[in-house]
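Structure assessment
As a plain string of letters, each chain reads:
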Amino acid sequence: MSKNIYLFATSKNKYANSIKSLDVRYLKPEIDFSKYEYLVITSKQTVKALEQYGKESFINIPALCVSDKTADSYRAIGGKILASGDGYGDNLIKYIRELPQDTKWLYLRAELIASSFVQMAKEEGYSIDEKILYVSECSKEILDVRVEDDSTLIFTSPSSIECFLKNNTIHPDAKIIVIGTTTAACLPKGIKYIISESTSVESCIELALSTK
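Here is a short report on the structure shown in this document. No experiment lies behind these values; they were computed from the predicted model shown.

1. A look at the state of the cysteines
A complete count under the given rule lists one disulfide for this structure. Two residues, Cys 138 and Cys 163, share a disulfide whose sulfurs are 2.0 Å apart. Since a negative S-S torsion denotes a left-handed disulfide, the Cys 138-Cys 163 link at about -80° is left-handed. Taken together, the residues span a long stretch of sequence, with Cys 138 in strand S8 (residues 127-138) and Cys 163 in helix H6 (residues 158-167) at a distance of 25 residues. Residue Cys 138 is classed as partly exposed on the basis of its relative accessible area of 22%. Overall, the relative accessible area of 2% leaves Cys 163 in the buried class.

Right, here's the structure in full:
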């Protein structure tokens, strides 16, 4: 572990000081899965939330997943995969457009989302329902963390930046690595950053280790 690399994420990595960015509270709204042909899943937290339901009610519904990692999570509990995207929610619209407009989709999501693909799809006439399966809140860890000025900070979501900035500022000497363009857009103006090659924590860590 490098003492000067801080990973703000919901997962840990042995090469960084892993700071849990969010506490997740799972919800269990009533869902009639039989109404839908495909699920849309954009996080591992959604998969965990799904496990609250009887598996037989949803496991045979193929899922459109935001990334290979998310697809692996759904596949690990026995789910079928329609397709997996490149890690950016907005790019999922291209997969939705490949199927008829009357295809029945169910987007299982967090309370707060950064992507607008569902809105775009609905405006184009596609049939997509939404259910909120979890709520994310800033963790005590990220609110209490203090970092050295010359640290490498890895942000893996817009909320990780938002939560960090509640009680911290980003020093000009800090090196900033972000997991993707959506996260980068949430940084304060004037902050220099590097975007990882792929939208994965592993890619962020490799970049941090290679550029120190």
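From this point, the narrative continues.
2. Structural notes on the side chain of Ser 157
Mapped onto the elements, Ser 157 comes out in the loop between strand S9 (152-155) and H6. Ser 157 sits in the buried class, given a relative accessible area of 16%. Of the polar contacts made by the side chain of Ser 157, one reaches the side chain of Ser 159; its length is 3.0 Å. Residues contacting Ser 157, with those up to four places away along its chain left out, are Ile 179 and Thr 183.

3. Thoughts on the pattern of salt bridges
Taken as a whole, this structure holds eight salt bridges when the rule is applied. A salt bridge links Glu 137 to Arg 25; the shortest N-O distance between them is 3.7 Å. Pair noted here: Glu 137 is in strand S8 and Arg 25 is in strand S3 (residues 22-26), with a separation of 112 residues, a long-range link. When its relative accessible area of 43% is taken as the criterion, Arg 25 is described as partly exposed. Among the ionic pairs, Glu 124 bridges to Arg 97, the shortest N-O distance being 2.6 Å. Of this pair, Glu 124 sits in the loop between helix H4 (117-123) and S8 while Arg 97 sits in the loop between helix H3 (93-96) and strand S7 (104-110); the two residues are 27 residues apart in sequence, bridging distant segments of the chain. Overall, Arg 97 belongs to the partly exposed group, its relative accessible area being 41%. Through salt bridges with shared partners, a single ionic network connects Arg 109, Lys 122 and Glu 130.

The rules we used
Residues numbered from 1 in each chain as written. Predicted model: local features only at pLDDT ≥ 70, side-chain atom pairs only at ≥ 80, totals over all residues. Heavy atoms only, no water. Disulfide = S-S within 2.5 Å. Helix = DSSP H or I, 4+ residues; strand = E, 2+ residues; numbered from the N terminus. Buried < 20%, exposed > 50% of the residue type's maximum accessible area, 1.4 Å probe, protein only. Polar contact = N/O pair within 3.5 Å; in protein donor to acceptor, adjacent residues only side chain to side chain. Contact = heavy atoms within 4.5 Å. Salt bridge = Lys/Arg side-chain N within 4 Å of Asp/Glu carboxyl O.

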